[in-house]
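Understanding the architecture of this molecule
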Amino acid sequence: MGLNPEQLQATQAPLGANLVIASAGTGKTSTIVGRILHLLESGIDPKKILLLTFTNKASQEMKARLAQHTSKAAFIEAGTFHAIAYRHLTTLDPTLCLKQPREMQTLLKSVLEQDHSIKEDCAYGASHLYDLYSYYLNAQSQQSFGDWLLDRNAKQADYIERYECALELFSELKKEQNYVDYNDLLLRYKDTMANKPPAFIEVLCDEYQDTNPLQDAVLDALRPQSLFCVGDYDQSIYAFNGADISIISNFSTKYKQAQVFTLQKNYRSSRAILNLANKVIAHNPRIYPKQLEVVKTTNPSTPTLLQYNELFGQYKGIAAHIARGGGFEEVAILFRNNSSAEGCEAALRELGVPSRRKGGVGFFDTKEVKLLLDICAFLSYSKDMMATMQVLGYGSGIGNALAKDLYLALQILGDGNSLQGLLKPNNKNPYPQVKRPQMGLFESIVPLAAPNHQVSGAFKNHPLLTHPKLTQAAASFLDQLYTLCKTHTPKLPAQSLVHIAQSVWFQEIATSLAKERAKTKDGHIDKNLYESAQVKIKQRVDLSVQLATSYKNLRDFLHAMVLGSKEMASGSGVQLLSVHASKGLEFGTVYVIDLMEGRFPNTKLAKQSGSLEEERRLFYVAVTRAKDHLYLSYAKEDKMKKAAYQPSRFLMEAGLLTSKNC
């Protein structure tokens, strides 16, 4: 494989606790692949090897590299902690329904809304409470959630009992629906594996510096004979997500016979770029000794400081700089805060420079994509309350209360199967909980009115139509949904998505979405905006179909979309990335922007959940994405906010500025 002596020594380490300190660009992927090949050559069964990576894309790339050397690669278990847990748990219970954090936040919100006494301004909302509880679970605190929260914010004392009650009800709702989120996957997997004989001889853990205590507890529960961890303490940047740098720092203390190897040859960046990165990161404590050597002989340019008077002038200036240079596919703009992305995107678009944003959040948060995934969930897991209610919520005149009535009705009519309730309803009363107006004492004995809505003949006598608050528009919506489901036969996911997208039901919703997006301030529909919105919806549908082509059933496709949504990137051109999203990537040219005190380093976040040291590690990660050209920029003021800025201390530490010339 052409490994250097340091890499080779690490790959051939005896079974046991081994830690490899692999700084940016030192060939950690080659080392991991080499280690697995060494294990296979030593006679270890590939099914007894587990590779844990930070992204699913990384595991796929490593397995592809392995496949070039051995046919045994296909038998090695590989993926993120969450993906591995999901695969194992669904073999035990195929009906598990994996939900994204935003969906779980919606579910928790519905629980909190039932407590009318918790609406004070200082009480936490569902999203913040869910995120805090996730952080608590990942931190594996020995305290109760209430005590843990009280230590963090004593002002919440009056609400803690209500939060704990809400979280208990939330947990019961999840069990009732068989919902799991990312935290549940790891907690259940940990408990399951702790009660089984060890399944793996060696577990390899990539990006070890970003593991959190819950993931570390999963490694403990796996109890492998050998543990091979690869990471770099200078790239630990996920404290906000519960990652704990002390896990990599204390490796030699936890594992008494541990061996620590260091990869020191950097193959990625030029000497000038690496010198700048090392100069800044040297201000952080050195946990394990290391001294990087530059292998690259070329030095195309020295890091350049770009100074601008105004914030948006900075975005326009960088866009113009990129437009002149060309080679857009090899260019990335990195930022500390996502709020920076829109200004960059607009400035690039103005000059006709193509760009894309990694993370997939925009794509998966569009209404059309959420609707596609929700209707797939309805077709494949017909007990799913959230997906069903979200699908029904697109009907005109169908609010949350009516959507819930309709969901409960479908469950009754289908004996727990909503799809069955829609297509082949039984004879039960679908609305025992619904009070009809002006019935008085006779309500319990007056039969439900016969449906009189204008719908297709096949749907005309459906019990769903007897709800007293159902409008004609809502009835037509349900009729179209019925036709879509009636004409859908079990198919491959890509075929199902094509069937859904071509249905009258989806087409009418898509038309409505396009019109909404094309409305001008005076309420008129702009024809050009309308056509553009339609094109974008079609593009997102087509991309969804492409994503589905490698899956054999809807449930696997849906869960893969949940597990992999953060790794999605669509389009081409200049990549706009948060520093966190840039992890593991490299580019010929990198622009690190908004290098002002308060923005990068983000002093507010540093005080809340990270530290100045973590902000410095983020800077180190950002600049070491560059192979040949590095540009660092800052602005002196934001005119819109009337805010003046001081340049980032990292520019001083890098020697690009002194206190005299800033």
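Residues numbered from 1 in each chain as written. Predicted model: local features only at pLDDT ≥ 70, side-chain atom pairs only at ≥ 80, totals over all residues. Heavy atoms only, no water.

Taking an unreviewed UniProt entry as the reference, the chain is identified by name as DNA 3'-5' helicase belonging to Helicobacter gastrocanis.

Counting residues in hydrophobic clusters, the biggest one holds 92 residues, and the most contacted among them are Ile375, Leu406, Leu422, Leu464, Leu481, Trp505 and Phe506. By residue number, the principal contributor to this core is helix H17 (residues 367-380), which donates nine residues. Ranked by size, the runner-up nonpolar core spans 60 residues in total, among them Cys344, Ala347, Val592 and Leu618. (Core = buried A, V, L, I, M, F, W, Y, C linked by side-chain atoms within 4.5 Å. Buried < 20%, exposed > 50% of the residue type's maximum accessible area, 1.4 Å probe, protein only. Helix = DSSP H or I, 4+ residues; strand = E, 2+ residues; numbered from the N terminus.)

Using the criterion set out here, one finds two cavities of 30 Å³ or more in the structure. The calculated volume of the largest cavity comes to roughly 200 Å³. Together, 19 residues line the largest cavity, and Lys99, Glu103, Leu373, Ala377 and Leu558 are the ones closest to its centre. At the level of secondary structure, the elements contributing two or more residues to the lining of the largest cavity comprise strand E4 (97-98), helix H5 (101-112), H17 and helix H25 (554-564). Each pocket or cavity is described by its volume, and for the second largest cavity that value is around 30 Å³. Lining the second largest cavity are Tyr130, Tyr133, Leu137, Phe170, Lys174, Asp181, Asn183 and Asp184. Only helix H6 (126-139), helix H8 (160-177) and helix H9 (182-194) provide two or more residues apiece to the lining of the second largest cavity. (1 Å grid on protein atoms, 1.4 Å probe; cavity = no way out; pocket = protein on both sides within 12 Å on 5 of 7 lines; lining within 4 Å. Points joined across faces, edges and corners; volume = space filled by probe spheres on them.)

Before going further, it helps to examine the environment of His283. Looking at the element boundaries, His283 is found in the loop between helix H13 (271-281) and strand E10 (293-294). Its relative accessible area of 45% is what places His283 among the partly exposed residues. Residues His283 and Tyr267 lie 16 residues apart in sequence; the distance between their C-alpha atoms is 23 Å. With sequence-adjacent residues up to four places away left out, His283 is seen in contact with Arg616 and Glu653. (Contact = heavy atoms within 4.5 Å.)

On to the packing of aromatic side chains, then. The relative placement of two aromatic rings is captured by the distance of their centres and the angle of their planes. Under the counting rule described, the total for this entry stands at 22 aromatic pairs. With a centroid separation of 5.4 Å and 85° between ring planes, the pair formed by Phe312 and Tyr315 is classed as edge-to-face. Of this pair, Phe312 and Tyr315 both sit in helix H14 (residues 311-325), three residues apart, which is roughly one turn of that helix. Look at Phe312 and you get partly exposed, because its relative accessible area is 35%. (Phe/Tyr/Trp six-rings, centres within 6.5 Å; stacked < 30°, edge-to-face > 60°.)

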